[in-house]
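A structural walkthrough
What follows is each chain in one-letter form.
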Amino acid sequence: APHEVSALPPQLALLYEEVLYTIRHRLGKPEHHHVADVQELYAYVQKAFGMDAEEHSVIMQQVKELESPIFCLKATVKEAKGILGKDVSGFSDPYCLLGIEAKSQEPAHPDHKKRMKAVVKDLIPEDQIHRTQIINQTLSPVWDETFILEFEDMETASFHLDMWDSDMVESVRHKLGELTDLHGLKRIFKDARKDKGQDDFLGNVVLRLKDLHCWDDQWYQLEPRTETYPNRGQCHLQFLLTHKKRATTSSRTQPSYTVHRHLLQQLVSYEILQHQAGSIAWDGELSRHASTVLYLHATQKDLSDFHQVMAQWLAYSKLYQSLEFNSSCLLHQITSIEYQWVQERLRPEQKEELAESFQSLLTYGVSLIRRYRIIFPLSVPRSTERLQSLLRVLVQMCKMKAFHELCTLSPDLPQMVSTALKSGTTEWFHMKKQHLKPMVKSMEENGKALSRLLLEVIGDLQQCQKIWNKFFINTLKLNLFSIAYLELESLVAEHVQEQLREVDSSMSKPTAESLFQLYMNLQELYRMKGFLPKRDGPLALSNFHQWFKEAVPQWLQKAYTIALERAQRAVQMDQLMPFGEHNKHSTSTVDLSTCYAQIVKTWQQLNWPDPEEAFMIMVKLVEDMCKIALMYCRLIKERAEALSLNEQNEGEAANRLCIVVNNIKQLRLLILKLPSQLDWGQLEQRTGAVIDHQQIQHTLHNQLDSTVSCLDHEVRDVVQALATKLEKGIARHIQQLSSSNDTREPEDSIIPLMKFLESELQYLNEHLVQENFKSLLTLLWHHTLALLSAAAEQQIPSAQCYKKLHCALKSLELCFHAEGCGLPLETLHTAAFLSLETHLALCSATSRKLIQKYFSNRIQQQLDTSSEKYGAVTIKALYRPSEQKLRVEVLNAVNLIPLDSNGGCLSDPFVQLTLEPRHEFPEVVARTTQCKRKELHPLFDEAFDFLIPPEKCRQEGACLLLTVFDYDTLGANDLEGEAFFPLCHLPGLDTDEDQADAGRVPQTRLPLTHPKPTGDEILQLLESRKGDKEAQAFVKLRKQRAKQSKEVE
């Protein structure tokens, strides 16, 4: 061979020779899915073997010079069905003769079929004829016999098969014994005419070899020699075109399936590399060219299905260990070997080869699983499917009968994988630890590096738990997460403790910060133990919090400092304006809320397991938050003052105070939420065994209550300051109202006051939270009542001034109540309000109104009096609407007091009847009864008529005044007593018709009363109105009566 070819690996050159020889001596008609063109196949194998043109032509020349193989047709006569029954019994005793005719004689004319009908023994030499066994008495014989028929020329040779009915010499008596019908009798006579021992022709099959595929398996129609019985049944034949005595070195020196395996490896590795070049994963499907070449080689070498599958397994399992492809391609071979497994088929060296392939793949597969994090990264598509497929292949392989029979020490696959996963996890951890090692060796940098390492570990365990674990559980019943977690948490615990040995309480702030992140990462890692199946014994991380005790004070101090500084900055930036349409507080409360949330988060992140230490941490956190709250109150008030110094606008200053109040109230809410946010209830449960409930109450709750009280005090102070600013404005308007001499209506006079209040209160309502607004309203209301009371006491007696003050009071009541949105009525109607309202109502009334009020009071006093210490008078009164006439019958008086001036025990009584108030009945004159001498129980029995319209009777204070006097001839008559009968209660007043029977009018007994000698407020008011003659006259008359009164103060 030339130098270039001799440079090729000998094994490759020999294999190339084998494949070229296979293509050159191709047999059979190509399958429809195979490549028919020989040149295409040559071109394909040249590329697959990486041969250049010269190498190819040299080896091709060698192949051409090699002796051709012996061509063989491997024919298997399987069975027949529906054949003719030639015996008397209706059955036949069929057998077949078969062979190959070297030269097919084509008929000269289509009609000339006789030559084609020649039987095998006439066409083929006797030594080349093959015969099957005779199957007795059947129409469906089964032979399943295989014959190797050699031939030279595929183009001219044809296959012949004759089927015959064997005819052994039998006695007529035996045949008559089998006779079943008339047809059987005919056969006996036909047999009698035939030569003894002559077999019957049942049909034949003739096929040209060039019409056969490499492998054919089908039913063929049995053809007749004559047209007598055209339907002679079918025969099932299998054909395989193979070689004998192949001249290639490989075929002469190596087992067929070994050569086939090497060829398979060569072509499959080429196919896989082709896919990889196109960035496509190979799925196990061979190209048409590869399939054609391998098919030709397997058939020509007459490789059994089992040996082909074995060759595939050996090739694929070896390739898998060097080339990347989906391991599921191996499942087909595993299934096929398992299905066809019979140990006796294999020679010892084949068994050894197969056992070695199992062991090799197992070792390689487990090594991949050990490094699954690197080999099957989730960043690469289909990694999960690839690992899952590998696990399935290993499990199925270890279940194979072949595996158990050939591998004497059958390994425990789950145990192997578990051990591999443990060592792989440890390797991965040490690799990550090395990779994340800090460049500068300081505690701070170590802490950061440890945190990064922990994040890697947590991420890996999350992948184990969420993604990988199910594959290991489903295939091997192995809990990957459990294996990885127990391994990693132990490694982490050891490594972290080693690093933290250098830490002490004097650590720097950056070190403390890096350790806090590490603590949280360890916490997250420890929490993942919840995914472990139940297990005994503590974990290495069980008390990891104890490693960080020295750092806790620094962590708490940092949380406090950050919150404090943020709160201070927030106040400095706060413009004390509402920061949103629906908010009534300013921006600093939002920052304050965030500060508190951050401290709460610190507590939650710490999640300190030791209950007693956790309680001490809580006390410190609450103390810090309370300090921040009180500091904030001081700063926000100072901020409001600082902003107001630059402005003279009182309104703006008040507005800022509103925001301050709301901010403090908002802070109060934040403080009150702390017990639930910090979950004190749960802390109490945890500490119950070590800390007394009273101590928790005393320490935590009292601390919080004290802070809330301070905030409430601050709110009261600010609301008071706000109220004081408004009080000045209210006082100014009330002063103007009481001092002005304008003659406008009272409703018009109070407009400035109401406008001022409306604008201020509306703003305050919008900018104060409801609770604070109501507190402010309450303060303002009490102050306003005091101002109005003071104004009322300073007044000169002018009804107009009092009217303005009364109108102001009623309007203010409506304003502060605001239809239920402001203060409730019970809060407004204090004793001071009710007293002032009554006083102003009287002072603002006209003299006539006051007189009416006076009589209303006397009527009420009359109704309330049951004592008859001054006696009583009995009357009948009836109103006749038709005549507008009041008829009064004075019947008698009883139990009068003796008033005779001569010192006697009697009186001279008479009764004066007047209709009051006089201004309502100016036309009606007073009437008197006769005087009854020396009587204390006089009987008058006199009637009087008064003409009055009914509406007058219904006026306020309208009454019949009955005054009983003791007649005195020398001086003024003495007062026995007064009785007031309200006209609105007159019988007949409220009916349209007169009462027919006056006798049925009830008697009314009225106790006599005496007026109080002094102190009647209405009379004092009327007396103060010096210019009012009517008032003065009324007062004079009432004073005269008061002088005669027997009542004492």
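Residues numbered from 1 in each chain as written. Predicted model: local features only at pLDDT ≥ 70, side-chain atom pairs only at ≥ 80, totals over all residues. Heavy atoms only, no water.

Structural notes on helix α25 (residues 680–687)
By the burial criterion, the buried members of α25 are Trp680, Leu683 and Thr687. Here the buried residues of α25 occupy an arc of 55° about the axis, which is enough to place them on one side. (Buried < 20%, exposed > 50% of the residue type's maximum accessible area, 1.4 Å probe, protein only. Helix = DSSP H or I, 4+ residues; strand = E, 2+ residues; numbered from the N terminus. Arc of directions from axis to C-beta.)

Focus: the pattern of salt bridges
Counted according to the given criterion, the structure contains 36 salt bridges. With a closest N to O distance of 3.3 Å, Glu444 and Lys448 form a salt bridge. Of the two residues, Glu444 and Lys448 both sit in helix α18 (residues 443–476), 4 residues apart, roughly one turn of that helix. When its relative accessible area of 34% is taken as the criterion, Lys448 is described as partly exposed. When the shortest N-O distance is used, the salt bridge between Lys952 and Glu920 registers 3.2 Å. With Lys952 in helix α34 (residues 950–953) and Glu920 in the loop between β11 (909–916) and β12 (927–928), the pair connects residues that are 32 residues apart, well separated along the chain. Among the residues examined, Glu920 registers a relative accessible area of 12% and is labelled buried. (Salt bridge = Lys/Arg side-chain N within 4 Å of Asp/Glu carboxyl O.)

A closer look at the confidence of the model for the protein
On average, the protein scores 85 in pLDDT, and the residues at 70 or more come to 92%. Below a pLDDT of 50 lies the segment residues 110–115, which in the model reaches 4 contacts outside its immediate sequence neighbourhood of four places, other chains included. (pLDDT = per-residue confidence, 0-100. Contact = heavy atoms within 4.5 Å.)

Digging into the side chain of Ser811
Examined against the element boundaries, Ser811 turns out to sit in helix α30 (residues 799–817). A relative accessible area of 19% means that Ser811 is categorised as buried. Apart from residues lying up to four places away in sequence, Ser811 is in contact with Ile750 and Met754.

Digging into the sheet that holds strand β10 (residues 885–894)
With antiparallel pairing, the 4 strands of this open sheet are ordered in space as β13-β10-β9-β16. Lying at the two open borders of the sheet, with one neighbouring strand each, are β13 (939–947) and β16 (1004–1007). Neighbouring strand axes in the sheet, compared pairwise and without regard to direction, differ in orientation by 25° on average. Of the pairings in the sheet, the one linking strand β9 (residues 872–880) to β16 comprises 4 bridges and is antiparallel in character. Note on β16: the bridge partner recorded for Val873 is Leu1006. (Pairing = 2+ DSSP bridges. Axes fitted to C-alpha atoms, helices over the stretch in contact; angles between N-to-C directions.)

Thoughts on the environment of Leu878
Position of Leu878 relative to the elements: it lies in strand β9. Counting along the chain gives 10 residues from Leu878 to Val888, while the straight-line C-alpha distance between them is 6.6 Å.

Notes on the nonpolar core
Counting residues in each nonpolar core, the largest one holds 239 residues, and the members touching the most others are Phe49 and Phe472. Looking at this core element by element, the count peaks at 18 residues for helix α23 (residues 611–645). Once residues lying within four places of it in the same chain are set aside, the contact partners of Phe49 are Leu12, Leu15, Tyr16, Val19, Leu263, Gln266 and Leu267. Core analysis: the second largest hydrophobic core is formed by 33 residues, Ile875, Phe946, Leu960 and Leu986 among them. (Core = buried A, V, L, I, M, F, W, Y, C linked by side-chain atoms within 4.5 Å.)

Focus: the pairing of β13
Of the two faces of β13, the one holding Phe940, Glu942, Phe944 and Phe946 is buried and the one holding Leu939, Asp941, Ala943, Asp945 and Leu947 is not buried anywhere. As judged from the 7 bridges shared by β10 and β13, these two strands associate in the antiparallel manner. Along β13, the bridge assignment pairs Arg887 with Asp945.

Things to note about helix α2 (residues 10–24)
Over its 15 residues, α2 extends 21 Å from the first C-alpha to the last, a length consistent with the 21 Å expected when each residue adds 1.5 Å. For α2, the buried fraction is high: 11 of the 15 residues fall into the buried class. Of all the residues in α2, the buried ones are Leu12, Ala13, Leu15, Tyr16, Glu17, Glu18, Val19, Leu20, Tyr21, Thr22 and Ile23. Buried positions along α2 lie against α3 (38–48), α4 (53–65), α8 (249–253), α9 (256–277) and α10 (288–300). (Expected span 1.5 Å × (residues − 1).)

Things to note about the packing of helix α12 (residues 329–340) against helix α15 (residues 383–399)
Two numbers describe how α12 lies on α15: the axes approach to 10 Å, and their chain directions differ by 15°. Between α12 and α15, the angle falls in the class roughly parallel. Read as a crossing pair, α12 and α15 show a hand that is left-handed. Along the contact surface, α12 presents Leu330, Leu331, Ile334 and Glu338, while α15 presents Arg392, Val393, Gln396, Met397 and Lys399. In terms of residue class, the contact of α12 with α15 is made up of 5 nonpolar, 1 polar and 3 charged. (Parallel < 35°, antiparallel > 145°, perpendicular 65-115°, else oblique. Left-handed = near helix turned anticlockwise from the far one by under 90°. Nonpolar A, V, L, I, M, F, W, Y, C, P; charged D, E, K, R; others polar.)

Here's the deal with the sheet that holds β11
Taken together, 4 strands build an open sheet; the order of strands is β12-β11-β14-β15 and the sheet is antiparallel. One side of each edge strand has no neighbouring strand; the edge strands of this open sheet are β12 and β15 (974–982). Examined bridge by bridge, strand β14 (residues 959–966) and β15 share 8 bridges and lie antiparallel to one another. Bridge pairing in β15 places Asp966 opposite Asp974. The strands touched by helix α33 (residues 847–864) are β11, β14 and β15; relative to β15, the strand with the most contacts, the crossing angle is about 95°.

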